[in-house]
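# Results of the structural survey
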Amino acid sequence: MSQTLKAVRGTRDLLPPETELWNRIEATARSVFARYHFGEIRTPIFEDTGLFARGVGAETDIVSKEMYTWEDRARAQSEKPQSLTLRPENTAGVVRAYIEHKLGESGQLQKLYYIGPQFRRERPQKGRYRQFFQIGAEVIGPQSSGSESPLRDAEVLEMLATLLDELGITGWTLQINSVGSSADRERYNAALREALIPVKEKMCADCQRRAELNPLRVLDCKVPEDQPIIETLPKIVDSLDQESKDHFAAVITALDAAGVPYTRNHRLVRGLDYYTRTTFEFTHGGLGAQNALLGGGRYDGLSENIGGPKAPGIGFAMGLDRLVLTLQAQEADQKSASPQGIDGYIAPMGNAKDAEKLAAINAAGLALARELRRAGLRIELGEGSFRLKKSFEAADKCARRIVILGEDELASGILTVKDFSTSVQTKVPRAELAEFLRN
Ligand code: ATP
Ligand code: MG
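Because the structure is predicted, anything quoted here is derived from the model rather than measured.

Right, let's talk about the overall build of the protein for a bit. In terms of helices and strands, the protein carries 15 helices and 16 strands. Relative to a compact globule of 439 residues, whose C-alpha radius of gyration would be 22 Å, the protein shows 28 Å and is clearly more extended. Taken over the C-alpha atoms alone, the protein extends approximately 90 × 60 × 50 Å along its principal axes. In the protein, which comprises 439 residues, the proportion classed as buried is 48%. Of the contacts made within the protein by residues no fewer than 6 positions apart, 69% connect residues no fewer than 24 positions apart.

Written as structure tokens, this is what we have:
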């Protein structure tokens, strides 16, 4: 026997009924985005590797060790093979499309959202997969469109609070910080490097390396022994220039006015290189180690980094897999996870020994199912060779009611319907059946 093939490590199949929850989350997100005047963008799943090197940052964990990259065969001898990469995130692709389609030339603020798979070679664990799904959005435009305004930051955060509330996620926390302009960050990195000199030998190997290359990343360290040392390091707010300070203060004022709760976290620096000024994360206690539901921030220099015009922007990406985990845990808590069920199960009742009659009753079943489904009802169609008991068992697993379609019912046009919740049996004329099942 040949070896059984399985889904690749870190990827998984999503099956019903779980996919219903996925669809519900996506539909809620689409509805919220529409109310905030966002339009959907769909970019390719693979891009030129250079996009991510420049758009996400060659030094980041994502680009340096997590990407699925391959060399595409050249079609002609004269062609150079192109290095391609499965997208590890979607912001770089959206900004590439913004540049490629000259979306900034309209002078309008562009508000775009996406829903789709992303790929990172990480160690798979709960809430962390190699193919995972993100719902994200970007607000981007030329400076004249107001894209740099702190109001945009606050509006995105307020929208996210609304979205999580509408999804029914309780107990989320918004953590917010400012990482300043790139000049602010240079100043801060210098201050950190200085402050790390006397303490870094006591820190973990990763931190010792970060202290040289990218001191900011020391703030991300999760090693418990390092935490007291990190607490003594300078804070980034003290390195912000007046403009960055004003921007952050304006975001906070607008959040207060809108009544969106938040916590300031001066260590929140995020894993992507392109962020400037506002950075944020929404976390949830129920997720364990992978506690970030979503992350995002402002990226005023990203478009220029990948060869485009100046186009300040702000965006976020939320982990759909983690939203599902959170909602599943909540629903298990509330014990309300009972499947909704379908409207009716049609049970054609034939004589298994008479192939011709069986075929006729099954055909009549399909015709009836078609009629009801076209009337908007959710219908399962059984099999005429089943015994009555087997039909009832199958129906009880998925439907509120069973509709019996035997030879008598077919001849008279009056069907027998049994309601599982009340055990009441009713005779219903075929013309009234759709209406009956709807109620
Ligand atoms: P984390 O700290 O959890 O690795 P990150 O900073 O790498 O997150 P982003 O790149 O900002 O995350 O992605 C935004 C969101 O996408 C995360 O908050 C998370 O919900 C989700 N996410 C990121 N990586 C994965 C993954 N490998 N599997 C599932 N969800 C993920
Ligand atoms: Mg990560």
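This part is about helix H7 (residues 205–213). Taken together, the buried positions of H7 are occupied by Cys207, Arg210 and Ala211. Buried positions in H7, seen along its axis, are confined to an arc of 105° and lie on one side of it. Exposed and oriented more than 90 degrees from the buried face of H7 are Ala205 and Leu213. In this structure, the buried residues of H7 make contact with helix H6 (182–196).

The next subject is the sheet that holds strand S4 (residues 82–86). Overall, antiparallel pairing links the three strands, which are arranged S2-S4-S3 in an open sheet. The strands lining the two open edges of the sheet, one partner per strand, are strand S2 (46–48) and strand S3 (69–72). Neighbour to neighbour, the strand axes of the sheet diverge by 35° on average, direction disregarded. Bridge count between S2 and S4: three bridges; the pairing is antiparallel. Paired with Glu47 across the strands is Thr85, a residue of S4. Packed on one face of the sheet, helix H2 (residues 49–57) meets S2, S3 and S4 and runs near 80° to S2.

Near ligand 1 you find 15 residues, and of these Arg120, Glu122, Tyr129, Arg270 and Ala292 are the closest. Contacts to ligand 1 include Arg322, whose side-chain N or O atom sits 3.0 Å from an oxygen atom. For ligand 1, whose accessible area on its own is 580 Å², the fraction buried by protein is 87%. Listing elements by their share of the shell around ligand 1, those giving two or more residues are strand S6 (131–140), strand S10 (292–298) and strand S11 (313–319). With four residues, the single largest contributor to the shell around ligand 1 is S10. Broken down by class, the residue content of the shell around ligand 1 amounts to six nonpolar, four polar and five charged.

On to the side chain of Arg152. Inspection of the secondary structure assignment puts Arg152 in helix H5 (residues 150–167). Since its relative accessible area comes to 18%, Arg152 is described here as buried. Contact partners of Arg152, with chain neighbours within four places excluded, come to Leu109, Val139, Gly146, Ser147, Arg298 and Ile314.

Turning our eyes to something else, we now look at the sheet that holds S6. Across the sheet, which stays open at both edges, the eight strands sit in the order S1-S5-S6-S11-S10-S9-S7-S8 with mixed pairing between neighbours. Here the strands that pair on one side only, and so sit at the sheet edges, are strand S1 (39–40) and strand S8 (263–264). Of the pairings in the sheet, the one linking strand S9 (residues 276–284) to S10 comprises six bridges and is antiparallel in character. Its bridge partner lying in S10, Thr279 is registered against Gly297.

The peptide bond linking Pro16 to Pro17 adopts the cis configuration, its omega dihedral lying at 5°. At His37, a position not held by glycine, the phi torsion is positive, near 65°. Locating His37 in the fold gives a position in the loop between helix H1 (18–35) and S1. One non-glycine residue, Lys102, adopts positive backbone phi at about 50°.

Our focus in this paragraph is the environment of Phe420. Summarising the element assignment, Phe420 is placed in the loop between strand S15 (414–419) and strand S16 (425–429). Setting aside anything within four residues of it in sequence, one finds Phe420 in contact with Phe392, Ala395, Asp396, Ala399, Arg400, Arg401 and Ile402.

This paragraph deals with the packing of aromatic side chains. Scanning all chains against the criterion turns up seven aromatic pairs. Aromatic pair Phe33 and Phe38: ring centres 5.8 Å apart, planes at 45°, arrangement tilted. The same class applies to Phe33 and to Phe38, which are both buried. Between Phe33 and Tyr113, the aromatic rings sit 4.5 Å apart at their centres with planes inclined by 25°, giving stacked as the arrangement. Separated by 80 residues along the polypeptide, Phe33 in helix H1 and Tyr113 in strand S5 (residues 110–119) bring together distant segments of the chain. As far as the burial class goes, Phe33 and Tyr113 line up, both buried. Linked through ring pairs, Phe33, Phe38, Tyr113 and Phe316 together constitute an aromatic cluster. A cation over a ring is seen here: Arg12 above Tyr129, with NZ or CZ 3.9 Å from the ring centre. Looking at Lys390, its charged tip hangs above the ring of Phe386, at a distance of 4.4 Å from the centre.

Rules used in this analysis
- Residues numbered from 1 in each chain as written.
- Chains lettered and ligands numbered in written order.
- Predicted model: local features only at pLDDT ≥ 70, side-chain atom pairs only at ≥ 80, totals over all residues.
- Heavy atoms only, no water.
- Helix = DSSP H or I, 4+ residues; strand = E, 2+ residues; numbered from the N terminus.
- Rg over C-alpha atoms; globule rule 2.2 N^0.38 Å.
- Buried < 20%, exposed > 50% of the residue type's maximum accessible area, 1.4 Å probe, protein only.
- Contact = heavy atoms within 4.5 Å.
- Arc of directions from axis to C-beta.
- Pairing = 2+ DSSP bridges.
- Axes fitted to C-alpha atoms, helices over the stretch in contact; angles between N-to-C directions.
- Near = heavy atom within 4 Å.
- Polar contact = N/O pair within 3.5 Å; in protein donor to acceptor, adjacent residues only side chain to side chain.
- Areas by Shrake-Rupley, 256 points an atom, 1.4 Å probe, with all protein chains shown as cover.
- Nonpolar A, V, L, I, M, F, W, Y, C, P; charged D, E, K, R; others polar.
- Phe/Tyr/Trp six-rings, centres within 6.5 Å; stacked < 30°, edge-to-face > 60°.
- Lys NZ or Arg CZ within 6 Å of the ring centre and 35° of its normal.

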